[in-house]
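Spelled out from the first residue to the last, the chains are:
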Amino acid sequence: MQLPFFFEENLMSSDLFSLSENSSRHIVQVLRMKEGEKIQLTNGKGYLLTAEITKAHKKNTEVKVIERIEGTPPPHEITIAISFIKNAHRFEWFLEKATEIGVTHIIPIICHRTEKIHLREERLQQILISAMLQSRQTWMPNFSAPIKIKEFFTKASATHKMIAHCEEKEKKELKEFSFGNSSRMILIGPEGDFTSEEIEEAIQNKFMPVSLGATRLRTETAALVAAVLLVNN
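Residues numbered from 1 in each chain as written. Predicted model: local features only at pLDDT ≥ 70, side-chain atom pairs only at ≥ 80, totals over all residues. Heavy atoms only, no water.

Chemist: Describe the overall build of the chain, and please don't skip the residues or the numbers.
Modeler: Regarding its fold elements, the chain presents six helices and 13 strands. Dimensions of the chain, computed from C-alpha atoms along their principal axes, come out at roughly 65 × 35 × 30 Å. Split into buried and exposed, the 233 residues of the chain put 45% on the buried side. Taking contacts inside the chain between residues at least 6 apart in sequence as the whole, the part at least 24 apart equals 75%. Accessible surface computed for the chain: about 12,700 Å², of which carbon and sulfur atoms make up 48%. Seen as two clouds, the 30 positive and the 30 negative side-chain charges of the chain have centres 3 Å apart. (Helix = DSSP H or I, 4+ residues; strand = E, 2+ residues; numbered from the N terminus. Buried < 20%, exposed > 50% of the residue type's maximum accessible area, 1.4 Å probe, protein only. Contact = heavy atoms within 4.5 Å. Areas by Shrake-Rupley, 256 points an atom, 1.4 Å probe, with all protein chains shown as cover. Lys, Arg positive; Asp, Glu negative; His and termini not counted. Charge placed at Lys NZ, Arg CZ, Asp CG, Glu CD.)

Rendered as structure tokens:
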């Protein structure tokens, strides 16, 4: 049976330390765990600790580290640069699924046709944490601050840079790519797609136009399809 798994942003170098109030409350009030029972902890940056509870307290549970493992980083960087969409729940759904399948960077971009929405940073961070723990990973995606697409073009860096759009122009099927261990990045546009000017600017900045298939996909669906293909190629 797998041990209960918790996120602790600040893992101490000491073998004896206290957990956050959030983790302590869940351990004591939800799971009803006692002294002597074991848990696992990660900081989302590759560390996995196995620890024994030495004091079970709803606000200040104390643990003793039994084992520390420092994991190797993901074999390649996978960046999804995705426009915000009007339905916040659909955007949150994408964050959850992208975390589960192993995307390393998520960059919200603001395009000409991007709908204005209000997203709470704390809630989005909690979605990433929950998805990481649910899939029992020790690396959490880097979620960047929103950036306007013109500024994004000046900073975008990856071995393979692509843009998925719906215009009838020459495009290569993303599923045909083979990336090896190189970094890869894809741009996913808003509802209504990128403007022609944005597509041309992307091409000028060495983004290759790609197709995700024969059907027209919602923004969050397109982003997830792209993520799966980038992870597995």
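This is not the end of the story, as more comes after the structure.
Chemist: Could you give an account of the pattern of salt bridges, naming the residues involved and the relevant values?
Modeler: One pass over the full model with this rule turns up twelve salt bridges. Among the ionic pairs, Glu220 bridges to Arg90, the shortest N-O distance being 2.8 Å. Placement of Glu220 in helix 6 (residues 219-232) and of Arg90 in helix 2 (residues 88-101) is noted, with a sequence separation of 130 residues between them. We note a salt bridge from Lys150 to Glu201, for which the minimum N-O separation is 3.0 Å. One end of the pair, Lys150, is in helix 4 (residues 149-155); the other, Glu201, is in helix 5 (residues 196-204), with 51 residues separating them in the sequence. One salt-bridge network, held together by shared partners, links Arg90, Glu191 and Glu220. (Salt bridge = Lys/Arg side-chain N within 4 Å of Asp/Glu carboxyl O.)

Chemist: Describe the side chain of Ser83, with residues and values.
Modeler: Secondary-structure assignment places Ser83 in strand 6 (residues 78-83). Looking at Ser83, the relative accessible area reads 0%, which means it is buried. A polar atom in the side chain of Ser83 sits 2.8 Å from the side chain of Thr114. Once you skip the residues sitting within four places of it in the chain, Ser83 turns out to touch Phe91, Ile109, Cys111, Thr114, Ile188, Gly189, Pro190 and Thr219. (Polar contact = N/O pair within 3.5 Å; in protein donor to acceptor, adjacent residues only side chain to side chain.)

Chemist: Can you explain the packing of helix 2 against helix 6? Please cite residues and give values.
Modeler: Here helix 2 crosses helix 6 at 10°, and the two axes come no closer than 9 Å. In terms of orientation, helix 2 lies roughly parallel with respect to helix 6. Residue-level contacts link Arg90, Trp93, Phe94, Lys97, Ala98 and Ile101 of helix 2 to Glu220, Ala223, Leu224, Ala227, Val228 and Val231 of helix 6. The residue makeup of the contact of helix 2 with helix 6, split by class, is nine nonpolar, no polar and three charged. (Axes fitted to C-alpha atoms, helices over the stretch in contact; angles between N-to-C directions. Parallel < 35°, antiparallel > 145°, perpendicular 65-115°, else oblique. Nonpolar A, V, L, I, M, F, W, Y, C, P; charged D, E, K, R; others polar.)

Chemist: Tell me about the environment of Ile129, residues and numbers included.
Modeler: Of note, Ile129 is situated in helix 3 (residues 121-134). The spacing of Ile129 and Trp139 is ten residues in sequence and 9.7 Å in space, taken between C-alpha atoms. In contact with Ile129, not counting residues within four places along its chain, are Phe7 and Met140.

Chemist: Would you mind going over the pairing of strand 3 (residues 38-42) in detail, with residue names and values included?
Modeler: A large share of strand 3 lies buried, amounting to four of its five residues. Bridging between strand 1 (residues 5-7) and strand 3 involves three bridges; their strand directions are parallel. Along strand 3, the bridge assignment pairs Phe7 with Thr42. Bridge count between strand 3 and strand 4 (residues 47-55): five bridges; the pairing is antiparallel. What sits directly across from Leu41, in strand 4, is Leu49. Here strand 3 folds back onto strand 4 in antiparallel fashion, the turn holding four residues, of which Gly44 has a positive phi close to 75°. (Pairing = 2+ DSSP bridges.)

Chemist: I'd like to hear about unusual backbone geometry, residue by residue, with values.
Modeler: In most cases, non-glycine residues show a negative phi, while peptide bonds are predominantly trans. In this structure, Arg32 takes a positive phi of about 55° despite not being glycine. In this structure, Arg32 sits in the loop between helix 1 (21-30) and strand 3. On the accessibility criterion, Arg32 (59% relative accessible area) is exposed. Even without being a glycine, Lys206 presents a positive backbone phi close to 70°.

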